[in-house]
Amino acid sequence: MSALVCAAMMISFDKVSKRFGSNFALRDVSFDCEAGSVHAITGENGAGKSTLMNLLAGLFPVDGGEIRLHGKQLSPKSPADARSLGISTIYQELTLLPNLTIAENLFLGREPVRLGRIDRSGMREQARSMMARLGSGMDIDTYCGNLSVADQHLVEIAKGVSADADIFIFDEPTAALNAPEVEKLGELLASLKAQGKLVFYVSHRLDEIFRFCDRVTVLKDGRHVETRETRALTRDGLVSLMVGRVLSKFFPARPARSEAAPVALSVRDLQVQEGGPAVSFDVERGEIVGLAGLEGQGQRDIIRALSGLEPSASGMVIKSGEAGSAPLAFDVTKTVRSGVGFVPEDRKTEGLYLSLSIDRNITLGMLRRLNVWQLVPRRHDVIAELMRRLNIRSAGARQEVGELSGGNQQKVMIGRWLAAGIDVLLLEEPTRGVDVGAKAEIYELLREFTKGGGAVLTLSSELLELLGLCDRILVVRQNEIVAELDGAQATEEEVMRHALVGRADNGVHVDA
Ligand SMILES: Nc1ncnc2c1ncn2[C@@H]1O[C@H](COP(=O)(O)OP(=O)(O)OP(=O)(O)O)[C@@H](O)[C@H]1O
Ligand SMILES: [Mg+2]
């Protein structure tokens, strides 16, 4: 190896292994990464991407092999140790303290000091400019607990990027961001690269890997598959490295719609807040309807109101199914009892019981008509069949959900409702953090569900997902439905045109 190449080589993974109990999360992983580059890490859910990054971030030690920084062994003892070695991590999971403001979170543990006291005005000033770099005009005095998940991720990114570091780790940073925010992030990555930093970019999103990253490493089942220049790869080539086969179709075909499909959910004059705009629409049985629009325009409020999470909502919602028709109460328990399932965007805090096993989490959905959950037998046959259909990667049905990789947690969440025999499914971000192969599997599951007479209402920050999946798209702007488009015909431009009408700041993040 020439001296020149050696100089550029920043991090080397050499036969790195990591075990959890008897399971290998990583086995003999070897590849090199160069300074001044953005290096993508990709692969299926549970492939070991986060584990590899966590080794670098000092969360736990390697079990075998070694990591080298500029040729010298690197073994951070703790996250603080990793930070002091110049490694900054932007976590996949949110780490902000809800009872502190944006500014306080950004400077937690490194508050600027002036004359022996915390320089609050200096801190706020710097916080404002950090958020502005990300194109966000958020009020830096807001408590983080009051921010949407997307905004919390932006703060998380600002925090990580502002660290004085040589190596930056982004673990699925854009899972919660919308298109304009992703663009800003791309600019940020380019500027880090220009400063000679090494950026690790863990992602399932192929377009971002090709746009932002110089090289890509594919992991599969804890093993290194390939490290290549992105420009030497095609999309299909990358997918087949990831899933080990060519994905013939990503989105399932839309079945022909019958003229007179019965309505599953009839929404009339739904008002999330008193005095706010009202929306009316139907979702038919057999149909997947998507709510599109810029972040924070009210799509989420509509889904949350229907799921019973906005008790002050008003209007008339009639749900019809096998068991007849009845008005839906704005009450979570009653909504679930009447056969409506809800998959929230943040599965960790709202959806799953992380310390309970996979089978318990799935069984919980079946309890909607019962009160004494301890008495419900585990339906081993149903659960085994579901886990097989969902292709959940785990050590078994008894494994704690908190130990699963992100994408597999999402499958448990959806599986719970499929097992529960509901007929309306409300989904926020159906495939957040889910790998390409599993995405296709989830789309297929949703289609099967609607073919059996189920109805789906969903929202997604990935517009391409809505365009590929939905039968009908409702564009939401400022809490109103401003357009209804045929999913098979609609284009990205068309949706964006409706979403942006009247906005001078085309495409810039808009707060609700
Ligand atoms: N703390 C833990 N305890 C037990 N097993 C773990 C733990 N963390 C990860 N694992 C296991 O290690 C394997 C790799 O998980 P990891 O989180 O690194 O996957 P990933 O590639 O980041 O997946 P995703 O795309 O879903 O985020 C998985 O089988 C997972 O269940
Ligand atoms: Mg991960």
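Conventions adopted
- Residues numbered from 1 in each chain as written.
- Chains lettered and ligands numbered in written order.
- Predicted model: local features only at pLDDT ≥ 70, side-chain atom pairs only at ≥ 80, totals over all residues.
- Heavy atoms only, no water.
- Pairing = 2+ DSSP bridges.
- Helix = DSSP H or I, 4+ residues; strand = E, 2+ residues; numbered from the N terminus.
- Axes fitted to C-alpha atoms, helices over the stretch in contact; angles between N-to-C directions.
- Contact = heavy atoms within 4.5 Å.
- Core = buried A, V, L, I, M, F, W, Y, C linked by side-chain atoms within 4.5 Å.
- Buried < 20%, exposed > 50% of the residue type's maximum accessible area, 1.4 Å probe, protein only.
- Near = heavy atom within 4 Å.
- Polar contact = N/O pair within 3.5 Å; in protein donor to acceptor, adjacent residues only side chain to side chain.
- Areas by Shrake-Rupley, 256 points an atom, 1.4 Å probe, with all protein chains shown as cover.
- Domains from an automatic or database assignment.
- Buried area = accessible area lost by both parts, 1.4 Å probe.
- Salt bridge = Lys/Arg side-chain N within 4 Å of Asp/Glu carboxyl O.

We now examine the sheet that holds strand β6 (residues 87-90). Taken in spatial order, the 6 strands of this open sheet run β6-β9-β10-β3-β11-β12, and their pairing is mixed. Strand pairing shows two members of the sheet lacking a second neighbour, β6 and β12 (223-229), which therefore form its edges. Geometrically, the sheet is characterised by an average inter-axis angle of 15° between neighbouring strands, direction not taken into account. Here helix α6 (residues 149-161) sits on the sheet and contacts β6 and β9 (167-171); the angle it forms with β6, its principal contact strand, is near 175°.

Bringing the nonpolar core into the picture now. Core analysis: the biggest nonpolar cluster contains 46 residues, and I102, L106, M131, I157 and F170 have the highest contact counts within it. Setting aside chain neighbours within four positions, we find I157 in contact with I90, L134, F170, P173, L177, L185 and L188. Counting residues in each nonpolar core, the second largest holds 42 residues, with I362, L390, M413 and L445 among its members.

Here the focus is the site of ligand 1. As a matter of local geometry, ligand 1 sits amid 17 residues, with N45, G46, K49, T51 and S405 nearest to it. The side chain of N45 places a nitrogen or oxygen atom 2.8 Å from an oxygen atom of ligand 1. S405 is positioned such that a nitrogen or oxygen atom in its side chain is 2.9 Å from an oxygen atom of ligand 1. For ligand 1, whose unbound accessible area comes to 640 Å², protein coverage reaches 79%. At the level of elements, α2 (49-56) and α15 (406-420) are the ones that each hand at least two residues to the shell around ligand 1.

Splitting the protein by domain gives domain 1 (3-243) and domain 2 (263-500). One C-alpha centre belongs to domain 1, the other to domain 2; they are set 30 Å apart. Domain 1 puts 21 residues into the contact, and the matching count from domain 2 is 18 residues. A buried area of about 1,700 Å², summed over both sides, lies between domain 1 and domain 2, and 50% of it is on carbon and sulfur atoms. On the domain 1 side of the interface with domain 2, the three residues burying the most area are N45, V149 and H204, jointly 30% of the side's total. The tally of links from domain 1 across to domain 2 stands at 3 salt bridges. For the salt bridge of D221 with R393, the shortest nitrogen-to-oxygen distance reads 3.2 Å. Put simply, domain 1 and domain 2 have 5 residue pairs in polar contact (both at pLDDT 80 or more) between them. Taken together, the elements giving at least two residues each to the side of domain 1 that touches domain 2 come down to α6 and α9 (235-243). It is α9 that provides the largest number of residues to the side of domain 1 that touches domain 2, a total of 3 residues.

Let us look at unusual backbone geometry. Phi is positive for K15, close to 50°, though the residue is something other than glycine. Relative to the helices and strands, K15 resides in strand β1 (residues 9-20). Despite not being glycine, N479 has its phi angle at roughly 65°, a positive value. Considering the arrangement of structural elements, one finds N479 in the loop between β21 (472-477) and β22 (480-486).

As a further point, take the pattern of salt bridges. Applying the stated rule across the entire model yields 32 salt bridges. When the shortest N-O distance is used, the salt bridge between E183 and R211 registers 2.4 Å. You can see E183 sitting in helix α7 (residues 179-194) and its partner R211 sitting in helix α8 (residues 206-212), a full 28 residues away along the chain. Overall, E183 belongs to the partly exposed group, its relative accessible area being 40%. Residue R211 is classed as partly exposed on the basis of its relative accessible area of 45%. Across the salt bridge formed by E448 and R389, the nearest N and O atoms sit 3.3 Å from each other.

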